[in-house]
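# Overview (structure and organization)
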Amino acid sequence: MAYDPEGIKAKLLNLSQPCYVFLDNNKIGLSHQRVDNLPPQMMVNPLLPEQLGDRRFCEFHGVNYAYAAGAMAGGIASEELVISLGKAGFLASFGSAGLVPQRVEQAINTIQTALPTGPYAFNLIHSPSEEALEQRAVNLYLKHGVRTVEASAYMDLTPHIVRYRAAGLELDSQGNIQTHNKVMAKISRSEVARKFLQPAPIKILNALVENGEITPLQATLAQKVPLADDITVEADSGGHTDNRSLVCLLPSIIALRDQIQRKYHYERPVRVGAAGGIGTPEAALAAFIMGASYIVTGSVNHSCIEAGTSSHTKQLLAQADMADVVMAPCADMFEMGVKVQLLKRGSLFPMRAQKLYDLYKNYEGIEMIPANIRQPLEKQIFRKNLDTVWEETVAYFQQRDPEQIQRASNNPKRKMALIFRWYLGLSSRWSTIGDEQRKMDYQIWCGPAMGSFNEWVRGSYLELPENRRVVDVATHIMKGATYLYRLQNLKLQGLNLPSQYTYYHPTRH
């Protein structure tokens, strides 16, 4: 029996054992077993982090925890990050967005060698301005047998995501549909969620059959299963985000899932997970209590050792507060006015990116920009003549997607957009490689979860970025959520513990 604060806390933290609460001579005591001649006032059963969320998620993806690390573009969610989490029983998605096919193929080989049976995923990002990259990514995933993709930034379905899904469908010897190509779709709007919750559109399937990209049988089977196995509800996150509130968005998407399930009667209902703003055990538990099958973290992994970014960027992230984020124009959907959430502390990028977008809206081409505006652009932002920037842009897209240059050849507005995207695209790379000359131009994707995480770990060994490992972060978030769930269970039975017990502080294993 433990009566002292340290002993009581130790009992509560031993999640693999039940906790019995006794009143002994007007003193509260906790024990892992019953005590003769002293009836317990209340008790809680053992509860392990592996039990949080939906066990079907864990079985389906071959993981131990209903926890995933989302893809951070440009390889920030690196091979090392994916492999470390995979070996520890967590799912993680490689950040292939923005990388050329050769670099993605290299990552596939590295990860498959280290995790031959998984678990791992690769990002498949919707690229409306560079469709060829999305197509090539699907080609690679099908070629190398990548069985799980995290689909992100989709506003509408494309033939490429439909092809990936349908190409992995077949019937087993009992006539059951086997879905070898798994899709986790990250969404923030109900109209997009609906597209992934329903079967693939017949029109797209028929076109794929006509092109010989899938078989007629696969097209038939695709009409009987949802396009996605999992829907990740993305709230106020880093990078692409609609800044939605998780407590509003998650229940509405779960209700939509249930509505569509009643219509189609899928043998395996689509699971709904939660992402955006999850950087503490409290946030994780809130998501699970609201019905999330699993949680996805992003920003909190950006500052970890395994993240594919520079030490300076990790230091900036480790100092961030919740208010140190801002929305700014993004590179991949620049012309559409789409914005991403970034760290504003220590960088002029958000302000400079917005200035470029304002110029894009106000002028029809680079040549139309007055000299008194153009000169400061070349000196302060680009640090070179814009004609030189265009030459570099042409060389870049000749290797990556030549169609982009063709579309800009007789379109001054399009040419201006590509020149401005030179800065927006390179700014994230400067951050990842740690370009000393461009520190004030770093584009660092980050949501408010980074600030809440920093507050939570302050004073612990995880306060310093050089101590942050993705497996430790994942383990403590899940263990902390389980501990808090145990306290909540006791509270519902009438036990209100002092505040010293209600805080889970990360300590080294």
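Above this text you will find the structure in question.
Residues numbered from 1 in each chain as written. Predicted model: local features only at pLDDT ≥ 70, side-chain atom pairs only at ≥ 80, totals over all residues. Heavy atoms only, no water.

What follows concerns the packing of helix 7 (residues 190-197) against helix 10 (residues 246-264). Viewed as axis vectors pointing N to C, helix 7 and helix 10 meet at an angle of 35°, and their least axial separation amounts to 10 Å. Considering how the two elements wind past one another, helix 7 and helix 10 form a crossing that is right-handed. Note on element contacts: helix 10 touches helix 7 through I253, L256, R257, Q259 and I260, opposite S190, A193, R194 and L197. Split by residue class, the contact of helix 7 with helix 10 holds five nonpolar, two polar and two charged. (Axes fitted to C-alpha atoms, helices over the stretch in contact; angles between N-to-C directions. Helix = DSSP H or I, 4+ residues; strand = E, 2+ residues; numbered from the N terminus. Left-handed = near helix turned anticlockwise from the far one by under 90°. Contact = heavy atoms within 4.5 Å. Nonpolar A, V, L, I, M, F, W, Y, C, P; charged D, E, K, R; others polar.)

The next thing to look at is the pattern of salt bridges. Pairing is possible between side chains that carry opposite charge, provided their charged atoms lie close to one another. This model, assessed by the stated rule, comprises 24 salt bridges. D156 is the salt-bridge partner of K195, the closest N and O atoms lying 3.3 Å from each other. With K195 in helix 7 and D156 in the loop between strand 7 (148-152) and helix 6 (159-166), this pair connects stretches of sequence that are 39 residues apart. For D156, a relative accessible area of 42% gives the class partly exposed. Of the charged contacts in the structure, one is a salt bridge between E367 and K415, with a shortest N-O distance of 3.8 Å. (Salt bridge = Lys/Arg side-chain N within 4 Å of Asp/Glu carboxyl O. Buried < 20%, exposed > 50% of the residue type's maximum accessible area, 1.4 Å probe, protein only.)

What the three strands build is an open sheet, ordered 12-16-15; its pairing is antiparallel. Lying at the two open borders of the sheet, with one neighbouring strand each, are strand 12 (239-240) and strand 15 (325-329). Bridge count for strand 15 against strand 16 (residues 339-343) is five bridges, and the pairing is antiparallel. Directly across from V326, in strand 16, lies its bridge partner L342. Each of strand 15 and strand 16 is contacted by helix 14 (residues 349-362), which is oriented at about 30° to strand 15, the strand it contacts most. (Pairing = 2+ DSSP bridges.)

Now for empty space enclosed by the protein. Within the structure shown, the criterion is met by two cavities of 30 Å³ or more. The calculated volume of the largest cavity comes to roughly 50 Å³. Taken together, A68, A69, G70, L91, A92, S93, A121, E150, M184 and V296 make up the full set of residues lining the largest cavity. Elements that contribute at least two residues to the lining of the largest cavity include exactly strand 4 (67-69) and strand 5 (91-94). Class assignment for the residues of the lining of the largest cavity results in seven nonpolar, two polar and one charged. Its boundaries defined by the atoms lining it, the second largest cavity holds a volume of some 30 Å³. (1 Å grid on protein atoms, 1.4 Å probe; cavity = no way out; pocket = protein on both sides within 12 Å on 5 of 7 lines; lining within 4 Å. Points joined across faces, edges and corners; volume = space filled by probe spheres on them.)

So, on to the sheet that holds strand 2 (residues 27-31). In a beta sheet, neighbouring strands pair by backbone hydrogen bonds and run either parallel or antiparallel. Overall, antiparallel pairing links the three strands, which are arranged 2-1-3 in an open sheet. At either margin of the open sheet sits one strand with a lone partner, and together these are strand 2 and strand 3 (42-44). Strand-to-strand twist in this sheet, taken as the mean axis angle between neighbours without regard to direction, amounts to 25°. Where strand 1 (residues 19-24) and strand 2 come together, five bridges link them in antiparallel fashion. Pairing of F22 across the sheet is with G29, part of strand 2. Strand contacts of helix 1 (residues 5-13): strand 1 and strand 2, with the helix running at about 40° to strand 2, the strand carrying the most contacts. Contacting strand 1 and strand 3, helix 20 (residues 470-492) runs over the sheet at an angle of about 155° to strand 3.

Soluble, globular proteins show a tendency: their nonpolar side chains are buried together. Ranked by internal contacts, the top residues of the largest apolar core, which has 164 residues, are L12, F122, Y141, I161, F196, F382 and F420. Looking at this core, the element that brings in the most residues is helix 20, giving ten residues. Those residues within four positions of I161 in sequence are excluded, and the remaining contacts are L124, E134, V149, A151, Y154, V183, F196 and L227. (Core = buried A, V, L, I, M, F, W, Y, C linked by side-chain atoms within 4.5 Å.)

Attention now goes to unusual backbone geometry. In the segment running from G118 into P119, the intervening peptide bond is cis, with an omega of 0°. Within the fold, P119 resides in the loop between helix 4 (101-114) and strand 6 (121-125). A positive phi angle, close to 55°, is found at N25, a residue other than glycine. Residue placement: N25 occurs in the loop between strand 1 and strand 2.

Right, let's get into helix 19 (residues 449-457). Across the nine residues that make up helix 19, a large majority, eight, are buried. A449, M450, G451, S452, F453, N454, W456 and V457 are the residues of helix 19 that are buried. For helix 19, the secondary structure elements touched by its buried residues are helix 11 (281-289), helix 12 (299-302), helix 13 (311-318) and helix 20. The positive-phi residue at the C-terminal boundary of helix 19 is G459, with phi of around 90°.

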